[in-house]
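# Inside the fold
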Amino acid sequence: MADYGKKLAELAAHDESRALAAADKLVKELKDRGELKQLSGILRSARKESARQRSLAPVVEVGRAEDADAALRAASAAGIDARKAVVNPTLIRGWRARARGMLVDRSGKRALVDLYRNVTR
Amino acid sequence: MESIIKKLEEEIAAFAPETKSEETGIVRATGDGIAEIDGLAGAVMTEMVLFDPSFDRSLEDALKDPEPVYGLVLNLEEDGTRAVVLGDSSKVYEGMLVRRMGRLLSIPVGDEMVGRVVNPLGEPVDGKGPIKGVKDTPIEREAYGVIDRAPVNVPLHTGIKAVDAMIPIGRGQRELIIGDRGTGKTAVAIDTILNQKSEPKESRPTCIYVAIGQKESKTAKLVAELAEKGAMEYTIVVTAPASSPAALQFLAPFAGAAIGEHFMNQGKDALVVYDDLSKQAVAYRQMSLLLRRPPGREAYPGDIFYLHSRLLERAAKLSKEKGGGSLTALPIIETQENDVSAYIPTNVISITDGQIFLESNLFNQGQRPAINVGISVSRVGSSAQTKAMKKVSGKIKLGLAQFRELEAFMQFSSDLDADTKRQIDDGRRMTEVLKQGRGEPLPFEMEAAVIFAATNGFFDSFPPERVNEIEKKLQDFLLREGRGELDAIKQSKEIREGTEESLKEKLARFVAANA
């Protein structure tokens, strides 16, 4: 049953309206069969898959707002396409992009942390 | 000053860090030292990962806590991975970035580790500073194959008369030490380490004592004892105390094996004591249950046998082509109520090349070491036994086994015939001769001389209850007046005719003087 939740979340990622329709049908089917108690397990699984998708979704972060366009272009060249860049001042300078478990980090913070670790090792 | 500030500002403005593309994951859930990770699709089993707290913190906060937390990938699943946290798991939080390290779990290993106390990750914990000259070595590796091995034919003397005479251990052998708690298992292992001091430096094995799930006070006491008796000069202690995470207790024996192999691969001999594998099995069971692997017998995972077999299979005597080094393993298993037929004991008994079984009844009767000769065996060690020891110890085991059978009749001793009575008395005398205190290992030549005296009837004129005292006097006597004979046995590793005659003559003198 947990697989239904995962599949619904996967479908929702591509086509939300189809996923909604499928969810309606699923609830009706469970009601007809008297198995509505399975719904909590399906919900748990859908939430888990949704969280997984969010954590693996494309994100581009920049240290300064003026770097956004260049960062989006550079990220796209590295294979990570995001709609917009988020400003994250902790990066200091540069940008970083993340999608589907891949990370491209060209931020000043990363370089400084690496430098610090190498020096103090 | 202004110019310096301006220059630094220019440097920062022109800063263009290099592109770093890497595979990462995000911690989905964490608890009990296990982290569920989304992503890391390309990770491989036993690969190291780094939990990176700097990712979502400011630079200042990231540098406040520079100690990295590592993890070990142990489950590869359809939608993520599960890893055990090697260190403080409270530092791992949901949403934390996890980086692949692209290498299997490795620890720094090198000659400089001798004399040090390290944790299973190879980090020093003795407060003596960093260890230099070390090289990262994977802690898991495939054991040497048949072609690379040579037969076990060099003895590893424990300094314990009962063991060296009846259950001899060879270099490259795996000999299990098994028994209930408080029966002297650790004492046998520690005495073996202490006894290596009597070996010549060039052939002395490097000893590695792996303490798994032990009280830190016990380990500290052992280290102090080893240091006091000069054994830390050739010993490394790997400690994963009871307070350490289950993952480290599971890894400790593998770390010990990796360190031992470092010396073996250089053509040297090494001895590794795993104290004890029952606790490692418990730690592995805990981890496996938390990783949601299906439980089997006694809730241990299905691969618990493989866990111990792949570890102990790494003990080897290498062929000349491979340098001729050896790694001897002395695993320890704790039994409950002397039950050797429980799951883990039977597994390890079947993997090893023999076992030294210590019994609580014998221990309580004052027999130290409390070895049950009947069910203790060494399957390969006899071919490594020296000629001297073979000559003197030939019939001891059989005689003692017969004595144990007759022991039940001892209470009716007044009704026994003379032959049976003599057999019982001989057995009691031999039992007394084989008694040995903790921390008193004997050099091999002294063991051979004492057992020679016992098997040739030189103790027969003394009542069994005096034998122990007489044996100690004999040792002093031989050190004073039998130096030549002892040296001859040590050098030739056998008791030649001339040596035998002069030894007999001196023993007769000793008996006459003490009668």
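Placed above this text is the structure.
Residues numbered from 1 in each chain as written. Chains lettered and ligands numbered in written order. Predicted model: local features only at pLDDT ≥ 70, side-chain atom pairs only at ≥ 80, totals over all residues. Heavy atoms only, no water.

Here the focus is the overall build of chain B. Along the backbone of chain B there are 17 helices and 17 strands. Across its three principal directions, the C-alpha atoms of chain B cover 100 × 55 × 45 Å. Taken over 515 residues, chain B has a buried fraction of 55%. A total accessible area of about 22,300 Å² is found for chain B, and carbon and sulfur atoms account for 52% of it. If the 65 positive side-chain charges of chain B are averaged to one point and the 77 negative ones to another, these points end up 5 Å apart. (Helix = DSSP H or I, 4+ residues; strand = E, 2+ residues; numbered from the N terminus. Buried < 20%, exposed > 50% of the residue type's maximum accessible area, 1.4 Å probe, protein only. Areas by Shrake-Rupley, 256 points an atom, 1.4 Å probe, with all protein chains shown as cover. Lys, Arg positive; Asp, Glu negative; His and termini not counted. Charge placed at Lys NZ, Arg CZ, Asp CG, Glu CD.)

Attention now goes to the overall build of chain A. Tallying secondary structure elements over chain A gives five helices and four strands in all. Counting from the amino terminus, helix and strand elements in chain A follow one another as α-α-α-β-α-β-β-β-α. For 121 residues, the compact-globule estimate of 2.2 N^0.38 gives 14 Å, and the C-alpha radius of gyration of chain A, at 20 Å, exceeds that figure by more than 25%. Across its three principal directions, the C-alpha atoms of chain A cover 65 × 35 × 20 Å. Split into buried and exposed, the 121 residues of chain A put 35% on the buried side. Pairs at least 24 apart in sequence give 50% of the contacts found in chain A among residues at least 6 apart. On chain A, roughly 7,600 Å² of surface is accessible, and the fraction owed to carbon and sulfur atoms is 53%. Charge centroids of chain A, computed over 26 positive and 16 negative side chains, lie 5 Å from each other. (Rg over C-alpha atoms; globule rule 2.2 N^0.38 Å. Contact = heavy atoms within 4.5 Å.)

Once that is clear, we can look at the pairing of strand β12 (residues 235-240) of chain B. All names here are of chain B. β12 sits mainly inside the fold: six of its six residues count as buried. Covered by surrounding structure in β12 are T235, V237 and T239 together with I236, V238 and A240, the residues of both alternating faces. Across six bridges, the pairing between strand β11 (residues 206-212) and β12 is parallel. Of the residues in β12, the one forming a bridge with I212 is A240. Handedness of the crossover is the feature at issue here: the chain leaves β11, passes through helix α5 (residues 216-228), returns alongside β12, and the resulting connection is right-handed. (Pairing = 2+ DSSP bridges. Right-handed = clockwise from strand over helix to strand, strands pointing away.)

Another point: the packing of aromatic side chains. Describing an aromatic ring pair means giving the distance of the ring centres and the angle of the ring planes. In this structure the tally under the stated criterion is four aromatic pairs over all chains. With a centroid separation of 5.1 Å and an interplanar angle of 25°, the aromatic rings of B:F250 and B:Y284 are classed as stacked. Pair noted here: B:F250 is in helix α6 (residues 246-264) and B:Y284 is in helix α7 (residues 277-290), with a separation of 34 residues, a long-range link. Of the residues examined, B:Y284 reaches a relative accessible area of 3% and is grouped as buried. Taking 5.9 Å as the distance between ring centres and 55° as the angle between the ring planes, the aromatic pair formed by B:Y300 and B:Y343 counts as tilted. Here the residue B:Y300 occupies a position in the loop between α7 and α8 (304-312), and B:Y343 occupies one in helix α9 (residues 343-351), the gap between them amounting to 43 residues. By relative accessible area, which is 6% here, B:Y300 ends up buried. The class for B:Y343 is buried, based on a relative accessible area of 15%. Taken together, the ring pairs connect B:F250, B:F254 and B:Y284 into an aromatic cluster. For the cation-ring pair, A:R96 lies above B:F55, with the distance from its terminal atom to the ring centre recorded as 3.5 Å. Over the ring of B:Y300 we find B:R285, and its NZ or CZ is 4.4 Å from the ring centre. (Phe/Tyr/Trp six-rings, centres within 6.5 Å; stacked < 30°, edge-to-face > 60°. Lys NZ or Arg CZ within 6 Å of the ring centre and 35° of its normal.)

Let us look at the interface of chain B and chain A. Facing the 31 residues of chain B at the interface are 27 residues of chain A. Joining chain B to chain A, the criterion identifies two salt bridges. The partner of B:E22 in a salt bridge is A:R110, with the nearest N and O atoms 2.5 Å apart. Inspection of the region where chain B meets chain A yields eight residue pairs in polar contact (both at pLDDT 80 or more). For the side of chain B that touches chain A, the elements supplying multiple residues, two or more each, are α1 (2-13), β1 (21-31), β2 (34-39), β3 (47-52), α2 (59-64) and β6 (97-104) of chain B. Looking at the side of chain B that touches chain A, the element that brings in the most residues is β1(B), giving six residues. Considered class by class, the residues forming the side of chain B that touches chain A number 13 nonpolar, six polar and twelve charged. (Salt bridge = Lys/Arg side-chain N within 4 Å of Asp/Glu carboxyl O. Polar contact = N/O pair within 3.5 Å; in protein donor to acceptor, adjacent residues only side chain to side chain. Nonpolar A, V, L, I, M, F, W, Y, C, P; charged D, E, K, R; others polar.)

Residues and elements named next belong to chain B. Core analysis: the biggest nonpolar cluster contains 69 residues, and M166, I193, F459 and L474 have the highest contact counts within it. It is helix α14 (residues 444-455) that provides the largest number of residues to this core, a total of nine residues. In this structure, M113, Y144, A257 and L307 belong to the second largest nonpolar core, which totals 62 residues. (Core = buried A, V, L, I, M, F, W, Y, C linked by side-chain atoms within 4.5 Å.)

Residue and element names in this part refer to chain B. At their nearest, the axes of α8 and α9 sit 10 Å apart, and the two run at 35° to each other. Every pair of crossing elements has a handedness; the one defined by α8 and α9 is right-handed. Touching I304, F305, H308, S309 and L312 of α8 are Y343, I344, N347, V348, S350 and I351, all from α9. Tallied by class, the residues present in the contact of α8 with α9 amount to seven nonpolar, four polar and no charged. (Axes fitted to C-alpha atoms, helices over the stretch in contact; angles between N-to-C directions. Left-handed = near helix turned anticlockwise from the far one by under 90°.)

Worth remembering: the numbers are spatial, not functional.
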